[in-house]
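# Working through the structure, step by step
Chain by chain, the residues run as shown.
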Amino acid sequence: PYHLDALVRLGELLLEDRRLADARTAFLRALRFDPDRADAAFHLGRVAALERHFREAIAWWRRVVERDPDGPWAEQARRHIDTAWDLAQIFQIA
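Below, the structure is looked at part by part. (Residues numbered from 1 in each chain as written. Predicted model: local features only at pLDDT ≥ 70, side-chain atom pairs only at ≥ 80, totals over all residues. Heavy atoms only, no water.)

## Re the overall build of the chain
- A count of helices and strands for the chain gives 5 helices and 0 strands.
- Tracing the chain from N to C terminus, the helices and strands come up as α-α-α-α-α.
- The C-alpha radius of gyration computed for the chain amounts to 13 Å, which stays within 12% of the reference 12 Å derived for 94 residues, consistent with globular compactness.
- Overall, the chain is about 45 × 30 × 20 Å in size when its C-alpha atoms are taken along their principal axes.
- Burial statistics for the chain: of 94 residues in total, 40% are counted as buried.
- In the chain, the proportion of contacts linking residues at least 24 apart, taken out of those at least 6 apart, comes to 46%.
- For the chain, the accessible area works out to roughly 5800 Å², and carbon and sulfur atoms hold 53% of it.
- Distance between charge centres in the chain, computed from 15 positive and 16 negative side chains, equals 4 Å. (Helix = DSSP H or I, 4+ residues; strand = E, 2+ residues; numbered from the N terminus. Rg over C-alpha atoms; globule rule 2.2 N^0.38 Å. Buried < 20%, exposed > 50% of the residue type's maximum accessible area, 1.4 Å probe, protein only. Contact = heavy atoms within 4.5 Å. Areas by Shrake-Rupley, 256 points an atom, 1.4 Å probe, with all protein chains shown as cover. Lys, Arg positive; Asp, Glu negative; His and termini not counted. Charge placed at Lys NZ, Arg CZ, Asp CG, Glu CD.)

## Structural notes on unusual backbone geometry
- Positive phi values are uncommon outside glycine, yet Arg-18 reaches one of about 65°.
- By secondary structure assignment, the location of Arg-18 is in the loop between α1 (4–16) and α2 (20–33).
- For Arg-18, a relative accessible area of 55% translates into the label exposed.

## With respect to the packing of aromatic side chains
- Enumeration over the complete set of coordinates arrives at 2 aromatic pairs.
- Ring geometry for Phe-42 versus Trp-61: centroids 6.2 Å apart, planes at 40°, classification tilted. With Phe-42 in helix α3 (residues 38–50) and Trp-61 in helix α4 (residues 54–67), this pair connects stretches of sequence that are 19 residues apart. For the residue pair Phe-42 and Trp-61, the accessibility class agrees, reading buried in each case.
- Grouped by ring-pair contacts, the aromatic residues Phe-42, Trp-61 and Trp-73 constitute a single cluster. (Phe/Tyr/Trp six-rings, centres within 6.5 Å; stacked < 30°, edge-to-face > 60°.)

Below is the structure:
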């Protein structure tokens, strides 16, 4: 009895408000009910990146690309993967 679109939208709003833990919870709950929600996985990558967990972010974005390579979230995910990989390398050295 969840409206998954509303749950993902709630996560987006929480993410915009930088309430990262709450946003993570909303996106994970959406994925629990529908593991193929590319939008929830994509935004979990954003949460992880904002927390500077770049390898986790990359894993979420790869999931988006692997599950729906031609979907609307895949191109954004590919771009984010490249950027996050670069940041992971920079922060690993620093």
